[in-house]
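Reading the structure
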Amino acid sequence: MTDFPPPPPLPVPGSDSGATYGSATFVYDVKDIGPEKVDIQGAIKRFFDNYANFRGRASRSEYWYIQLISLFISMIDSAINSDTFTNLLGVAYIAVIIPSLAVGVRRLHDIGKSAWYLLWVLLPIIGWIVLLVAYVTESKPEDNVYGPGPR
């Protein structure tokens, strides 16, 4: 008969959080904070602080403020219609592709969905509606495998 090693110790309160699902315990880092309602400045700060962070959760306000800023910049680009300005915005759009995907994935994590849920975007109209509904869905109040719940 073989001896199995003892299970790992449970997280120490205050040092890091954990959630148990069935027989699996998920431990998050201290820096993995739950989503919180943020103002537009907080959303921009979290957007660039989590530049390529696909882990954790993002609140609705964090996600939608970033979308609002993107829409506003696109409207300015359309209104100015200058080649130089458009080229600069093209570079800026390329620079924010990764953080835009990251905040979208974190938003899906907030409602308990996997990043694979983004593949709905490949299905025109119906897929976009499915993603829109997911993005406007209220945060799940409990901890999930992606991180602690909202504060």
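You'll find the structure just up there.
Starting from 1, residues in each chain are numbered consecutively following that chain's sequence as written. The predicted origin of the model limits local features to residues at a pLDDT of at least 70 and limits the giving and counting of side-chain atom pairs to 80 or more, whereas totals for whole chains, interfaces and linings rest on all residues. Note that the side-chain values use all heavy atoms of the structure and ignore hydrogens as well as water.

1. Digging into the overall build of the protein chain
- When you go through the protein chain residue by residue, the secondary structure sums to five helices and two strands.
- Exposure classes here rest on a 1.4 Å probe applied to the protein chains alone. A residue is buried below 20% of its type maximum, exposed above 50%, and partly exposed in between. Counting the 151 residues in the protein chain, one finds 27% classified as buried.
- Pairs at least 24 apart in sequence give 63% of the contacts found in the protein chain among residues at least 6 apart.
- Each accessible area value is a Shrake-Rupley result obtained with a 1.4 Å probe; residue values ignore everything except the protein chains displayed when judging cover. Total accessible area on the protein chain stands at roughly 10100 Å², and carbon and sulfur atoms take up 68% of it. Per the convention used, a helix needs a DSSP run of H or I reaching at least four residues, while a strand needs a run of E reaching at least two, with both numbered from the N terminus. Should any heavy atoms of two residues lie within 4.5 Å, those residues are considered in contact.

2. Digging into the pattern of salt bridges
- Just to be clear on terms, a salt bridge is a Lys or Arg side-chain nitrogen sitting within 4 Å of an Asp or Glu carboxyl oxygen. According to the stated counting rule, one finds five salt bridges in the structure shown.
- Where Asp110 meets Arg57, a salt bridge forms, and the shortest distance between an N and an O atom there is 2.9 Å. Of this pair, Asp110 sits in helix 4 (residues 97-110) while Arg57 sits in the loop between helix 1 (40-49) and helix 2 (60-80), placing them 53 residues apart in sequence. Residue Asp110 shares its accessibility class with Arg57, and that shared class is buried.

3. Side note on the side chain of Ser59
- Counting through the fold element by element, Ser59 comes out in the loop between helix 1 and helix 2.
- Taking relative accessible area as the criterion, Ser59 reaches 5% and is therefore assigned buried.
- Within the structure, the side chain of Ser59 is placed 3.2 Å from the side chain of Ser61, a separation counted as a polar contact. Pairing of N or O atoms within 3.5 Å defines a polar contact, subject to two protein rules: one partner must be a possible hydrogen donor and the other a possible acceptor, and residues neighboring in sequence count only if both atoms are side-chain atoms.

4. Regarding the layout of surface pockets
- Using protein atoms alone on a 1 Å grid, points that fit a 1.4 Å probe yet trap it form a cavity, whereas open point sets bounded by protein on both sides within 12 Å along at least five of seven lines form a pocket; residues with an atom within 4 Å of a point count as lining. Grid points are joined across faces, edges and corners, and a volume is the space filled by probe spheres set on the points. What the largest pocket holds in volume is close to 400 Å³.
- Along its surface, the largest pocket is lined by 15 residues, and Tyr63, Gln67, Val121, Leu131 and Tyr135 are the ones closest to its centre.
- Where the lining of the largest pocket is concerned, the elements lending two or more residues are helix 2, helix 4 and helix 5 (126-136).
- Here the residues of the lining of the largest pocket are counted per class, giving 11 nonpolar, four polar and no charged. The residue classification treats Ala, Val, Leu, Ile, Met, Phe, Trp, Tyr, Cys and Pro as nonpolar and Asp, Glu, Lys and Arg as charged. All others, Gly included, are polar.

5. A word on a nonpolar patch on the surface
- On the surface, Ile40, Ile44, Phe48, Tyr51, Phe54, Leu68, Leu71, Met75, Ile94, Ile97, Ile98 and Leu101 cluster together into a nonpolar patch covering about 1100 Å² of accessible area.
- Within the residue set of the nonpolar patch, elements represented by two or more residues are helix 1, helix 2 and helix 4.
- By the element assignment, Tyr51 lies in the loop between helix 1 and helix 2. Candidate patch residues must exceed 30% relative accessible area and have no salt bridge, after which like charges are joined if within 9 Å and Val, Leu, Ile, Met, Phe, Trp or Tyr side chains if within 5 Å.

6. Some remarks on helix 4
- Between its terminal C-alpha atoms helix 4 stretches 20 Å, which fits the 20 Å expected from 14 residues at 1.5 Å a residue.
- Of all 14 residues in helix 4, 10 are buried, a share of seventy percent or more.
- For helix 4, the full list of buried residues reads Pro99, Ala102, Val103, Gly104, Val105, Arg106, Arg107, Leu108, His109 and Asp110.
- Of the residues trailing helix 4, Gly112 is marked for its positive phi of about 90 degrees. Helix span, expected: 1.5 Å multiplied by one less than the number of residues in the helix.

7. Considering the packing of aromatic side chains
- Two rings from Phe, Tyr or Trp (for Trp, the six-membered ring) form a pair when their centres are within 6.5 Å of each other. A pair whose planes differ by under 30 degrees is stacked, one over 60 is edge-to-face, and the rest are tilted. This model, assessed by the stated rule, comprises four aromatic pairs.
- Measuring from ring centre to ring centre gives 5.0 Å for Tyr63 and Trp64, while their planes differ by 85 degrees; the resulting arrangement is edge-to-face.
- Taken together, Tyr63, Trp64 and Tyr135 form an aromatic cluster joined through their ring pairs.

8. Things to note about the nonpolar core
- We define a nonpolar core as any set of buried Ala, Val, Leu, Ile, Met, Phe, Trp, Tyr and Cys residues linked to one another through side-chain atoms lying within 4.5 Å. Counting 12 residues, the largest nonpolar core consists of Val38, Ala43, Phe47, Ala58, Tyr63, Ile66, Val103, Leu108, Ile111, Leu131, Ala134 and Tyr135.
- Listing elements by their share of this core, those giving two or more residues are helix 1, helix 2, helix 4 and helix 5.
- Not counting residues within four places of it along the chain, the set of residues in contact with Ala134 comprises Arg107, Leu108, Ile111 and Tyr117.

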